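Coordinate inspection notes
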Amino acid sequence: MDKITSRENPLIKRAVKLATSSKHRRAEECFFVEGARLCLDAVRSGTPIELLLYTRRGSDRYPEAVETLREAAAKSVEVDEKIMATLADTETPQGIACLCKMLDKIGGAGTIKKNGRYLALENIQDPANLGTTLRTAEALGIDGVLLSRGCCDRYSPKVLRGSMGAVFRLFIKEEEEFPAALRRMGQEGFCTYAAVPAADAVPVTAAQFGPKTVVAVGNEGNGLTETAVAACAARVTIPMLGRAESLNAATAAAILMWEMMRRG
């Protein structure tokens, strides 16, 4: 195929929809990845690459990356610089993008470990918070993250970029019924904790975190729902000595995960 120069091209129209619409990503079970590093992360994680889009400048700047991606992709197409700029979610696009198959749709998403440590996120709305939390979870060695259906799309460009590729490598499971999932894990022997801003909750420094633990963190503005809190066996809180009433969701999750992993 010759170089694509029109945004009306069907491949470009599809890429635009996948880059901008969670609805289309769910319907097609496919998502858009931008940038040399993230595209290579996708390949190295075993994610199927349906389509590679690259510009001449991108190929000249990242020849090894483009060659690796060409070998992995089912199809590769050169596009005009202006076309790539319309697709890109960054100010200075690198000229490389891919359409990838969703990780939880290819049969290799993994399973919950019997003695693992898990973070459970309910209704996180900010893609930056979700991306940062996933990146931190991977860095600290958390075994996986459970997401409620109310969380923002983990396959959105902002989450992918904020996670620094953790979306490809970390065990992530979306739960249709979040409180029910917490209750189920409790029945399976996991210690389940609800993170709440309450003075009568167990301070995080005193919580008995060990193997087989789940800590649930809620929405940026409203915290966990009452049903999610009730589904957990205990409540945990991060004591604050300053005047702030609450912490950013990603910051709170980072502190909780650090304490979970620090106990060995």
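Above this text you will find the structure in question.
Rules and cut-offs
Residues numbered from 1 in each chain as written. Predicted model: local features only at pLDDT ≥ 70, side-chain atom pairs only at ≥ 80, totals over all residues. Heavy atoms only, no water. Salt bridge = Lys/Arg side-chain N within 4 Å of Asp/Glu carboxyl O. Helix = DSSP H or I, 4+ residues; strand = E, 2+ residues; numbered from the N terminus. Buried < 20%, exposed > 50% of the residue type's maximum accessible area, 1.4 Å probe, protein only. Pairing = 2+ DSSP bridges. Core = buried A, V, L, I, M, F, W, Y, C linked by side-chain atoms within 4.5 Å. Contact = heavy atoms within 4.5 Å. Axes fitted to C-alpha atoms, helices over the stretch in contact; angles between N-to-C directions. Parallel < 35°, antiparallel > 145°, perpendicular 65-115°, else oblique. Left-handed = near helix turned anticlockwise from the far one by under 90°. Nonpolar A, V, L, I, M, F, W, Y, C, P; charged D, E, K, R; others polar.

A word on the pattern of salt bridges. A full pass over the atoms with the stated rule returns 18 salt bridges. Across the pair Arg25 and Asp153 runs a salt bridge, and its minimum N-O distance is 2.6 Å. Residue Arg25 is located in helix H2 (residues 22–28), and its partner Asp153 is located in the loop between strand S6 (144–148) and helix H8 (157–163); the two are separated by 128 residues in the primary sequence. The two residues Arg25 and Asp153 agree in class, both being buried. Taking the shortest distance from any N to any O, the salt bridge between Glu259 and Arg262 comes out at 2.8 Å. On the criterion of helical spacing, the pair formed by Glu259 and Arg262 is a turn pair, its members being 3 residues apart in helix H12 (residues 249–262). Classification of Glu259 as buried rests on a relative accessible area of 8%. Owing to a relative accessible area of 46%, Arg262 belongs among the partly exposed residues under this scheme.

Here the focus is the sheet that holds strand S9 (residues 202–203). Sheet strands line up and pair through hydrogen bonds in the backbone, either parallel or antiparallel. On the basis of which strands lie adjacent, the open sheet formed by 7 strands has the order S7-S6-S5-S10-S8-S11-S9 and parallel pairing. Looking at strand neighbours, the two that pair on one side only are strand S7 (172–175) and S9, the edges of this open sheet. One ladder, built from 4 bridges, connects strand S8 (residues 191–195) with strand S10 (residues 213–217); its direction is parallel. Across the sheet, Thr192 pairs through a bridge with Val214, a residue of S10.

With that out of the way, let us pick up the nonpolar core. Among the nonpolar cores identified, the biggest contains 55 residues, and Leu121 and Leu134 are the most heavily contacted of them. Setting aside its immediate chain neighbours within four residues, Leu121 contacts Leu130, Thr133, Val145, Leu146, Leu147, Ser148, Cys151, Phe178 and Val217. Tyr118, Ala120, Met185 and Ala231 belong to the second largest nonpolar core, which has 19 residues in total.

Interaxial distance between helix H7 (residues 127–140) and H12 falls to 9 Å at its minimum, and their mutual angle equals 15°. The angle between H7 and H12 places the two elements in the roughly parallel class. Like other packed secondary-structure pairs, H7 and H12 cross with a definite hand, here right-handed. On H12, the residues touching Asn129, Thr132, Thr133, Thr136, Ala137 and Leu140 of H7 are Ala249, Ala250, Ala253, Ala254, Met257, Trp258 and Met261. Tallied by class, residues from the contact of H7 with H12 come to 9 nonpolar, 4 polar and no charged.

Located in the positive-phi region is Glu29, a residue other than glycine, with phi close to 55°. By the element assignment, Glu29 lies in the loop between H2 and strand S1 (30–34). The class for Glu29 is partly exposed, based on a relative accessible area of 27%. Positive phi outside glycine occurs at Met164, with the angle close to 55°. With respect to the helices and strands, the residue Met164 is situated in the loop between H8 and helix H9 (166–169). For Met164, a relative accessible area of 27% corresponds to the partly exposed category.

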